[in-house]
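Fold and contact review
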Amino acid sequence: MLEKEKMEYLEDRIGTFPCFPLSLLPTPCHRLDRLSKTLGLGIYCKRDDLTGFGLGGNKTRKLELLVGEAMEQGCDTLVTCGGVQSNFCRLTAAAGVAAGMQVHLILGGGRPERKTGNLILDRLLGADIHYVSSSRWDDWEAESDALVEDLTSKGRKVFKIPIGGSVPTGATGYVSAFLEILKDEERLGVSFDHIIHATGSGGTQAGLVAGKALTGWQGMISGISVSAGKEELEELIYGLASNTAALLGGRVDRESVLVDDRFIGPGYGVSTPEGEEAIRIFARQEGVFLDRVYTGKAASGLLAGIRSGEMTGKRVLFLHTGGQPELFAE
Ligand SMILES: Cc1ncc(COP(=O)(O)O)c(C=O)c1O
């Protein structure tokens, strides 16, 4: 099939999935002119920080399919988990409000003394918040399972969403985003050699990689890890991308899953000097705000790649996945 026919086929196929539309699409995609000039290559930005709903971010694309599935199953309650400043939890709370569902959030890392950033929004949205002191993702999932059992025994019909919504249904939202990027290429008259973005629970990257496999796109996709090591995360994303592509009748090559774990710093959610520098550069050269947990670290990987010469002469697309409420967090 030609690329255009493949795109139409995929759009039609994804169009049959239950969906509760949330995002304002397509998101803008534009050249970062000053940064491109300073760094000597074409840098473009796909603005998924501007998906619109609930202050925007990558997770609205996953949630519209997940909430669609929950509604189709007749669920009345959403349960998910994440760190105290989780963007996914904020957006799940907002999606639940819009869908008329109760939302329970398991927030890990301990109850903060002051409510800041995303937590202010979670409360404003009326979500039921359950704090756990552990910082381990496994413990958060175990707490979620226990809560689901408890709510079910009380008669609620619960839809549990794992961390970051990174299951094939959620990742399919990023197959759609990938198709949107191919249309951006056409509109702007450019071919991107490289897409670079922050990767955490892996669903965003899995969807993009599945999109690449399903359309035969030739460029490279790099996820800059904010948490796990390269091998562990690549394996996880490969499995998720394969299951996502399988839903749409395709398969993924292991080599197309590339994670760079050199920019995590001391750990998840701990800012790095390189990330802080990237945040300043994007703000002061482009008026674009990044966050410390995800996009600042991803942009520090982008800048390092350009400065080291790894990306010279290329047209790079930086996928901005959102997360700015974290800038107002302590
Ligand atoms: C702002 C932001 N960027 C990137 C990511 C990473 O996306 P994923 O979990 O799909 O890898 C997240 C996940 O929470 C996020 O909130």
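Further up the page is the structure itself.
The paragraphs below set out a description of the structure included in this document. (Residues numbered from 1 in each chain as written. Predicted model: local features only at pLDDT ≥ 70, side-chain atom pairs only at ≥ 80, totals over all residues.)

If you tally the helices and strands in the chain, you get eleven helices and ten strands. Its C-alpha radius of gyration of 19 Å places the chain within 12% of the 20 Å reference for a compact globule of 330 residues. Taking all 330 residues of the chain together, the buried fraction comes to 49%. (Helix = DSSP H or I, 4+ residues; strand = E, 2+ residues; numbered from the N terminus. Rg over C-alpha atoms; globule rule 2.2 N^0.38 Å. Buried ≥ 20, exposed ≤ 12 C-beta atoms within 10 Å, placed from the backbone.)

Lining the immediate environment of the ligand, one finds 19 residues, of which N87, T204, Y294, T321 and G323 sit closest. Of all the secondary-structure elements, those providing two or more residues to the shell around the ligand are helix 4 (87-99), strand 7 (194-199) and helix 8 (203-215). In the shell around the ligand, the residues fall into three nonpolar, 16 polar and no charged. (Near = placed C-beta within 6 Å. Nonpolar A, V, L, I, M, F, W, Y, C, P; charged D, E, K, R; others polar.)

Checked against the element boundaries, I196 lands in strand 7. Judged by local crowding, I196 falls into the buried class, with 24 C-beta atoms found within 10 Å. A sequence separation of 26 residues divides I196 from S222, and the C-alpha atoms of the two residues are 4.9 Å apart. Among residues more than four places away in sequence, those in contact with I196 are S222, I224, A298, G301, L302, V316 and F318. (Contact = placed C-beta atoms within 7 Å.)

Bringing the pairing of strand 5 (residues 128-132) into the picture now. Relative to strand 5, strand 4 (residues 102-108) runs parallel, the two being bridged by five bridges. Within strand 5, the position partnered with L107 by the bridge is Y131. Read as a crossover between parallel neighbours, the route from strand 4 over helix 5 (residues 118-124) to strand 5 is right-handed. (Pairing = 2+ DSSP bridges. Right-handed = clockwise from strand over helix to strand, strands pointing away.)

For helix 4, spanning 13 residues, the distance from its first C-alpha to its last is 18 Å, which sits close to the expected 18 Å at 1.5 Å a residue. Counting buried positions over the 13 residues of helix 4 gives ten, a clear majority of the element. Tucked into the core, helix 4 has its buried residues touching helix 3 (59-72), strand 3 (77-83), strand 4, helix 5 and strand 6 (158-161). Of the residues one or two after helix 4, G100 is the one with positive phi, at around 70°. (Expected span 1.5 Å × (residues − 1).)

Read from one edge of the open sheet, six strands run 1-2-10-7-8-9, paired in mixed fashion. Looking at which strands have only one partner, the edges of the open sheet turn out to be strand 1 (29-31) and strand 9 (258-260). Between one strand axis and the next, the sheet turns by 25° as a mean value, whatever way the strands run. Direction of pairing for strand 8 (residues 220-225) relative to strand 9: parallel, over a ladder of three bridges. Residue pairing in the sheet places I224 in a bridge with D260 of strand 9. Contacts from helix 9 (residues 230-247) reach strand 7, strand 8 and strand 9, with the element oriented near 150° to strand 9. (Axes fitted to C-alpha atoms, helices over the stretch in contact; angles between N-to-C directions.)

Note the cis peptide between L25 and P26, where omega equals 0°. Position of P26 among the secondary structure elements: in the loop between helix 1 (3-15) and strand 1.

On to the environment of P21. Secondary-structure assignment places P21 in the loop between helix 1 and strand 1. P21 gets classed as partly exposed once you count the C-beta atoms within 10 Å, which come to 13. It is 5.3 Å that separates the C-alpha atoms of P21 and E64, two residues lying 43 residues apart in sequence.

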